[in-house]
Amino acid sequence: IKSMKKKSFTRSSRLENTRYVPVDQLKRFMTTVFVKSGVPKADAEQCAEVLAESDRRGIDSHGIARFKTIYIDRIDAGIINPTTTIDVVREGPTTAVLDGNNGMGQVVATRAMTMAIEKARKLGMGMVAVRNSNHYGIAGYYASMAIQAGMIGITGTNARPSVAPTFGIDNLLGTNPLTIGMPTDEPFPFLIDCATSIIQRGKVEVYARLEKNLPAGWVIDRDGGSKSNAKEVLEDLLCGDAALVPLGGIGEETSGYKGYGYATVVEILSAALQGGAFLTALSGYKDGRREPHRLGHFFMAVDVGAFTEVAEFRTTAGEILRTLRNSTPMPGQNRIWTAGEKEYEAWQERQTTGIPLDEVVQGELSELKKRFNLTEFDFPFA
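Residues numbered from 1 in each chain as written. Predicted model: local features only at pLDDT ≥ 70, side-chain atom pairs only at ≥ 80, totals over all residues. Heavy atoms only, no water.

Right, let's get into the overall build of the chain. Counting secondary structure elements, the chain contains 12 helices and 13 strands. The C-alpha atoms of the chain give a radius of gyration of 21 Å, which matches the 21 Å a tight globule of 382 residues would have. Over its C-alpha atoms, taken along the principal directions, the chain stretches across nearly 65 × 55 × 45 Å. Looking at the chain as a whole, 52% of its 382 residues are labelled buried. Long-range contacts, defined here as pairs at least 24 residues apart, represent 67% of the contacts in the chain between residues at least 6 apart. Carbon together with sulfur atoms contributes 53% to the accessible area of the chain, which is approximately 17,800 Å² in total. Positive and negative side-chain charges of the chain, numbering 44 and 45 respectively, have mean locations separated by a distance of 4 Å. (Helix = DSSP H or I, 4+ residues; strand = E, 2+ residues; numbered from the N terminus. Rg over C-alpha atoms; globule rule 2.2 N^0.38 Å. Buried < 20%, exposed > 50% of the residue type's maximum accessible area, 1.4 Å probe, protein only. Contact = heavy atoms within 4.5 Å. Areas by Shrake-Rupley, 256 points an atom, 1.4 Å probe, with all protein chains shown as cover. Lys, Arg positive; Asp, Glu negative; His and termini not counted. Charge placed at Lys NZ, Arg CZ, Asp CG, Glu CD.)

The next point concerns helix H6 (residues 140–148). Counting buried positions over the nine residues of H6 gives eight, a clear majority of the element. Of all the positions in H6, only Gly140, Tyr141, Tyr142, Ala143, Ser144, Met145, Ala146 and Ile147 are classed as buried. Positive phi appears at Gly150, one or two residues downstream of H6, with a value of about 75°.

Next up on the list: the packing of aromatic side chains. Scanning the entire structure with this criterion turns up 14 aromatic pairs. Centre to centre, the rings of Phe34 and Tyr71 are 6.4 Å apart; their planes meet at 75°, and the pair counts as edge-to-face. Placement of the pair is Phe34 in helix H2 (residues 23–36) and Tyr71 in helix H4 (residues 67–76), with a sequence separation of 37 residues. The pair Phe34 / Tyr71 is uniform in exposure class, with both members buried. Ring-pair connections join several aromatic residues into one group, and the members of that group are Phe29, Phe34, Phe67, Tyr71, Phe377, Phe379 and Phe381. Above the face of the Tyr207 ring, Lys212 is positioned so that its terminal group lies 4.8 Å from the ring centre. (Phe/Tyr/Trp six-rings, centres within 6.5 Å; stacked < 30°, edge-to-face > 60°. Lys NZ or Arg CZ within 6 Å of the ring centre and 35° of its normal.)

Looking now at the environment of Thr114. In this structure, Thr114 sits in helix H5 (residues 105–123). A relative accessible area of 29% places Thr114 in the partly exposed class. For Thr114 and Val128, which are 14 residues apart along the polypeptide, the C-alpha to C-alpha distance reads 9.4 Å.

This part takes up the sheet that holds strand S4 (residues 125–133). Sheet architecture is open: seven strands sit in the order S2-S3-S4-S12-S5-S6-S7, paired in mixed fashion. Strands with a single pairing partner mark the edges of an open sheet, and in this sheet they are strand S2 (87–91) and strand S7 (190–192). Across the sheet, the mean angle separating the axes of adjacent strands is 15° when strand polarity is ignored. Examined bridge by bridge, strand S3 (residues 95–99) and S4 share five bridges and lie parallel to one another. Considered in S4, the bridge of Leu98 is made with Val130. Its contacts with the sheet put H5 on S2, S3, S4, strand S5 (151–157) and strand S12 (295–303), and the angle it makes with S4 is roughly 160°. (Pairing = 2+ DSSP bridges. Axes fitted to C-alpha atoms, helices over the stretch in contact; angles between N-to-C directions.)

This part covers the nonpolar core. One finds Phe29, Phe34, Phe67, Met104, Leu357 and Leu365 to be the most contacted residues of the largest nonpolar core, which totals 33 residues. Among the elements of the structure, H2, helix H3 (41–56), H4, strand S13 (355–357) and helix H12 (359–371) are those that each provide at least two residues to this core. Excluding its chain neighbours within four sequence positions, the residues that come into contact with Met104 are Phe34, Val39, Cys47, Tyr71, Ile75, Ile80, Asn81, Pro82 and Thr84. By size, the runner-up hydrophobic cluster in this structure holds 25 residues, among which are Leu98, Ala109, Ala116 and Ile138. (Core = buried A, V, L, I, M, F, W, Y, C linked by side-chain atoms within 4.5 Å.)

Following both chains from N to C, one finds H2 and H3 inclined at 145°, their axes separated by 8 Å at the closest point. Crossing geometry of H2 relative to H3 is assigned as right-handed. Of the residues in H3, those touching H2 at Val23, Asp24, Lys27, Met30, Thr31, Phe34 and Val35 are Lys41, Ala44, Glu45, Cys47, Ala48, Glu49, Leu51, Ala52 and Arg56. Looking at the contact of H2 with H3 residue by residue, the classes come out as nine nonpolar, one polar and six charged. (Left-handed = near helix turned anticlockwise from the far one by under 90°. Nonpolar A, V, L, I, M, F, W, Y, C, P; charged D, E, K, R; others polar.)

Applying the stated criterion across every chain yields a total of 23 salt bridges. When the shortest N-O distance is used, the salt bridge between Arg56 and Glu49 registers 3.1 Å. We classify Glu49 as buried; its relative accessible area is 17%. In this structure, the salt-bridge partner of Lys68 is Asp73, at a minimum N-O distance of 3.1 Å. Assessed through its relative accessible area of 13%, Lys68 is described here as buried. Put simply, Asp185, Glu186, Glu319, Arg322, Arg325, Arg335, Glu341 and Glu345 are held in one network by salt bridges that share partners. (Salt bridge = Lys/Arg side-chain N within 4 Å of Asp/Glu carboxyl O.)

Along the chain, Thr179 falls in strand S6 (residues 178–182). There is a polar contact of 3.0 Å between the side chain of Thr179 and the side chain of Asp193. Once residues within four sequence positions are removed from consideration, Thr179 is found in contact with Ala139, Gly140, Ala143, Gly153, Ile154, Thr155, Leu191, Ile192, Asp193 and Cys194. (Polar contact = N/O pair within 3.5 Å; in protein donor to acceptor, adjacent residues only side chain to side chain.)

Before going further, it helps to examine the side chain of Arg56. With respect to the secondary-structure elements, Arg56 resides in helix H3. Overall, Arg56 belongs to the buried group, its relative accessible area being 14%. Within the structure, Arg56 has its side chain in polar contact with the side chain of Glu49 (distance 3.1 Å).

Take Asn132: it is sitting in strand S4. C-alpha of Asn132 to C-alpha of Glu205: the two residues are 73 residues apart in sequence and 25 Å apart in space. Contacts of Asn132, omitting those with residues within four sequence positions, involve Asp99, Gly100, Asn101, Asn102, Gly103, Arg294 and Leu295. Only 3.1 Å separates the side chain of Asn132 from the side chain of Asp99, close enough to count as a polar contact.

Now the structure itself:
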């Protein structure tokens, strides 16, 4: 009982000590640290923009909270090249294969989607596959690039193994998001950006920082039982003693095979088209030593104007979404959302409030500020 009370107090304390920082200040800070870590200025700005956009949209698992651990620490360890060189391995009128040479994932991904959009403008569709890249932030950022060009954007990426196949316990697949965005006549697009597992590793990290237990059924152990201690889960994922559950849940009763199937689709499209690494080869470890993750991605852009009038498409898409939102909510609920709406509302709110930072992230930023002597940044915490 004493232990439970102590944990409850700690969680409350962590939430009470949340501090809010303007997104532009965080973006400048990330850009500065990236540059001091060897990333060229233009690339640093692009990487910081993708991370900042995650925080703007309320996706706290993939923004500033991952800045140090996923990017700076990996640059320091020599498993990400801060200077990104991109090779065009193969190219056709509507397709291309790129090699990111273990560079910054955001830089590689932006180049790839830009190429897909350019090809779609000429011939209606474009698809680019990438190998030897790194974590590229929120997948929705790249689908949004296509949306802004009046196109449908589709992207996916494989990731470190953490998800077990249905009826299995080995963490073989990544959380493998399959992301699709489409323009509408509303202030926000339709944008579905989510993992093919019930929870992604980044959200487990959020739970661990707040010392919250995971709900039952999200993670399984080697016996197929549920695991709930988020900090233990993060450790066990690395050694294979835990696995995330596919979207739909454990087994077939709640259709976990559907999430498993879509995760496999993303794995194949992120590896087989480009001759890239897959499954356990993405772990970042070999013979007990750290190595590059060698992630693969794919990007598709579809020019709506090649099929119909863009304005007509936007109106129809908007009508579909409005009809869904205006339908009858279930008892106890007063609202129905469509994909992309909550992120838009978070974006509006955070323009005023700033980005919430928990104690762990505050400590990481303070550490980087001290390390690089960035006295020009005045954060509302030590």
